[in-house]
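Each chain is listed here by its residues.
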Amino acid sequence: MLELANVSTSYGQVSMLRGVSLSVKKGELVCLLGPNGAGKSTTFKALSGLLPLDGGTVSMKGADVTRTGTEKLGSLGVGFVPEGRKLFPSLTVRENLKLGYDASGCKTPFEARLEVIYGLFPRVKERIGQQACTMSGGEQAMVALARALIGDPELLVMDEPSLGLSPKLIDEYFETVARIHAEGRTVLLIEQNAEKALSISDRGYLLVRGQIAVEGSREKMLADDTIKHMYL
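Residues numbered from 1 in each chain as written. Predicted model: local features only at pLDDT ≥ 70, side-chain atom pairs only at ≥ 80, totals over all residues. Heavy atoms only, no water.

Caption draft 1: Representation of the sheet that holds strand β1 (residues 2-11) in the model. Ordered by their spatial adjacency, four strands build an open sheet running β2-β1-β4-β5, and the pairing between neighbours is antiparallel. If you trace the sheet from one side to the other, it starts and ends with β2 (14-24) and β5 (63-64), each paired once. As defined by bridge partners, strand β4 (residues 55-60) adjoins β5 across two bridges and the pair is classed as antiparallel. From the neighbouring strand, S59 faces β5, where its bridge partner is D64. In this fold helix α1 (residues 40-47) packs onto β1, β2 and β4, with an angle of close to 110 degrees to the strand it touches most, β1. (Pairing = 2+ DSSP bridges. Helix = DSSP H or I, 4+ residues; strand = E, 2+ residues; numbered from the N terminus. Contact = heavy atoms within 4.5 Å. Axes fitted to C-alpha atoms, helices over the stretch in contact; angles between N-to-C directions.)

Here is the structure:
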């Protein structure tokens, strides 16, 4: 479903990712962990087309998308939840969701997809006519996830979705992600909250200084000394 093969990137003269390879198979929930500055968000930018690669390839659903524009990935069945939500603050919840729907190329009518979203996020229905900037951080996080899901993507890629949320909201958010995955969605979860991310993941990768340091099943990751030292 998703594969990064020997991906390298840089910001100017500064090397960021160095030969990163990872994969997410259809139906899996895979987490990418790492401390601040490890290159997690750079990985998100690289696979979403926001950052050109110095080397390597990115493939989605068997197609090489290394040079595919970000705006075209939604129509390939990929939904993105960027770090910091990146909602349009002056637009209403409905308008933000409509932008996500239009970018996806989804054939199901918008109103029908809205009903599905309401079932997942009842609060979104309550706030549908409200400007995004007037919502709480937890509500904005749900709208950002709803915007990624409204086009019915096969693959969901999330970058630090728990950032800035309270512990209670983090628990609720991860429960929602686990439910979305249980319904058959493939997910790459890029997270700093290792304990929560591993609790719902099938497999994981640990990124340290732009390189994959550890990879394996949830059980292997939880038992790894490096991860224990950093997080647990």
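Caption draft 2: Representation of the packing of helix α6 (residues 137-149) against helix α7 (residues 167-182) within the structure. Across the interface, α6 lies against α7 with an axial gap of 11 Å and an inter-helix angle of 15 degrees. It follows from the interaxial angle that α6 and α7 lie roughly parallel. At the point where α6 passes α7, the crossing takes the right-handed sense. Side by side, α6 and α7 meet where G138, A141, M142, L145 and L149 of the first sit next to L169, Y173, T176 and I180 of the second. Split by residue class, the contact of α6 with α7 holds seven nonpolar, two polar and no charged. (Parallel < 35°, antiparallel > 145°, perpendicular 65-115°, else oblique. Left-handed = near helix turned anticlockwise from the far one by under 90°. Nonpolar A, V, L, I, M, F, W, Y, C, P; charged D, E, K, R; others polar.)

Caption draft 3: Examining the nonpolar core more closely. Core analysis: the biggest nonpolar cluster contains 46 residues, and L97, F121, V124, L145, M158, Y173 and L189 have the highest contact counts within it. Taken together, the elements giving at least two residues each to this core come down to β3 (29-33), α3 (93-104), α4 (110-120), α6, β7 (155-159), α7, β8 (186-191) and α8 (194-200). It is α6 that contributes the most residues to this core, eight residues altogether. Discounting chain neighbours no more than four positions away, the residues touching M158 are V81, L145, Y173, V177, V187, L188, L189 and I190. (Core = buried A, V, L, I, M, F, W, Y, C linked by side-chain atoms within 4.5 Å. Buried < 20%, exposed > 50% of the residue type's maximum accessible area, 1.4 Å probe, protein only.)

Caption draft 4: Structural context of α4. For α4, the full list of buried residues reads F110, R113, L114, I117, Y118 and L120. The buried residues of α4 occupy one face: seen down the axis, they fall within an arc of 155 degrees. Residues of α4 that are buried make contact with α3, α5 (122-126), α6 and α7. (Arc of directions from axis to C-beta.)

Caption draft 5: The sheet that holds β3, seen in detail. Reading across the sheet, the six strands line up as β6-β7-β8-β3-β9-β10 and stay open at both edges, with mixed pairing between neighbours. The sheet is open, and its two borders are formed by β6 (78-81) and β10 (211-217), each paired with just one other strand. Pairs of neighbouring strands in the sheet enclose a mean axial angle of 15 degrees, with direction left out of account. With five bridges connecting them, β7 and β8 associate as parallel partners. Its bridge partner being in β8, M158 is matched across the sheet by L189. Against the sheet, α6 contacts β6 and β7, and its axis sits at roughly 165 degrees relative to β6. α7 contacts β3, β6, β7 and β8 of the sheet and is inclined by roughly 155 degrees relative to β8.

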